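So you can see what is in the structure, the chains are spelled out below.
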Amino acid sequence: MDNRERRDLGMAYISDDTIMEEQKVCRKILQQLNTADRSDFETIGTIVKELFGKSENAFVNPPFYCDYGKHIEVGRNFFANYNCTIIDVAKVRIGDNCQMAPNVAIYTAGHPVHPFARNSMYEYGIEVTIGDNVWIGGNTVILPGVHIGSNTVIGAGSVVTKDIPDWVIAAGNPCKVIRKITEEDRRFYFKNQEFDPEAWEAVKDRTN
């Protein structure tokens, strides 16, 4: 079994020359993305589609970093703000209408804890999944194997080490559930500040 097969099965593997050849393909695409004219949204969108493959209305604000790109699956209307890093050794599956603030990092990769094993150059990748309608705050780090449920908000600066359920606000290091998101949250855009009547009508029109 070669190292690419081992990697894709979630087994311990070594980043040999065949692995690095795959990464070269991604790095060439990232070079185009991260040096594109920041005001040329159409070109950026085209490069993002090439990087992720199947995607609908996905957009990334450069700079953006990943290892393969092809291991990242994003749903409709995906948005990642500046300086997002996704180490996609294993699959990263992201649902529809997900937003990431600046400096979000998703890590599927890891190394053995004991230095005896770690110095062998073996590493691993464990899949990360994120549901629909998830907002991830700035400077959040998501670790290997984590699942984040749909309709959830992860507060800024969080380190997500364990699964987070649907319909909650969670934050902290380590990230923990703070409270459920309820119908009472629907009319507020920030803490106790409600949408004004004009904006509220627009919200209803845009989400129907």
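To be clear, the structure that these remarks concern was listed above.
The following paragraphs examine the structure supplied in this document. Note that this is a predicted model, so its numbers are computed, not measured.

On the basis of which strands lie adjacent, the open sheet formed by five strands has the order 3-6-9-14-17 and parallel pairing. Sheet topology places strand 3 (64-66) and strand 17 (159-160) at the edges, where each strand pairs with a single neighbour. Two strands pair when backbone bridges link them, and strand 3 and strand 6 (residues 84-87) are joined in this way by three bridges, in the parallel orientation. Residue pairing for strand 6: Cys66 is matched across the bridge by Ile86.

Within the secondary structure, Asn61 is located in the loop between strand 2 (59-60) and strand 3. Judged by relative accessible area, which is 14%, Asn61 ranks as buried. Side-chain polar atoms of Asn61 contact the side chain of Asn81, separated by 3.2 Å. Those residues in contact with Asn61 that sit more than four places away from it in its chain are Phe79, Ala80, Asn81, Tyr82 and Asn83.

The step from Pro62 to Pro63 runs through a cis peptide bond, and the omega angle for that step is 5°. On the secondary structure map, Pro63 appears in the loop between strand 2 and strand 3. Each neighbour pair has its own omega, and for Asn173 with Pro174 the value is 0°, a cis peptide bond. Inspection of the secondary structure assignment puts Pro174 in the loop between strand 18 (168-171) and strand 19 (176-180). Positive phi, normally seen in glycine, also occurs at Asn97, with a value near 60°.

Here is what the cut-offs are and how they apply
- Residues numbered from 1 in each chain as written.
- Predicted model: local features only at pLDDT ≥ 70, side-chain atom pairs only at ≥ 80, totals over all residues.
- Heavy atoms only, no water.
- Pairing = 2+ DSSP bridges.
- Helix = DSSP H or I, 4+ residues; strand = E, 2+ residues; numbered from the N terminus.
- Buried < 20%, exposed > 50% of the residue type's maximum accessible area, 1.4 Å probe, protein only.
- Polar contact = N/O pair within 3.5 Å; in protein donor to acceptor, adjacent residues only side chain to side chain.
- Contact = heavy atoms within 4.5 Å.

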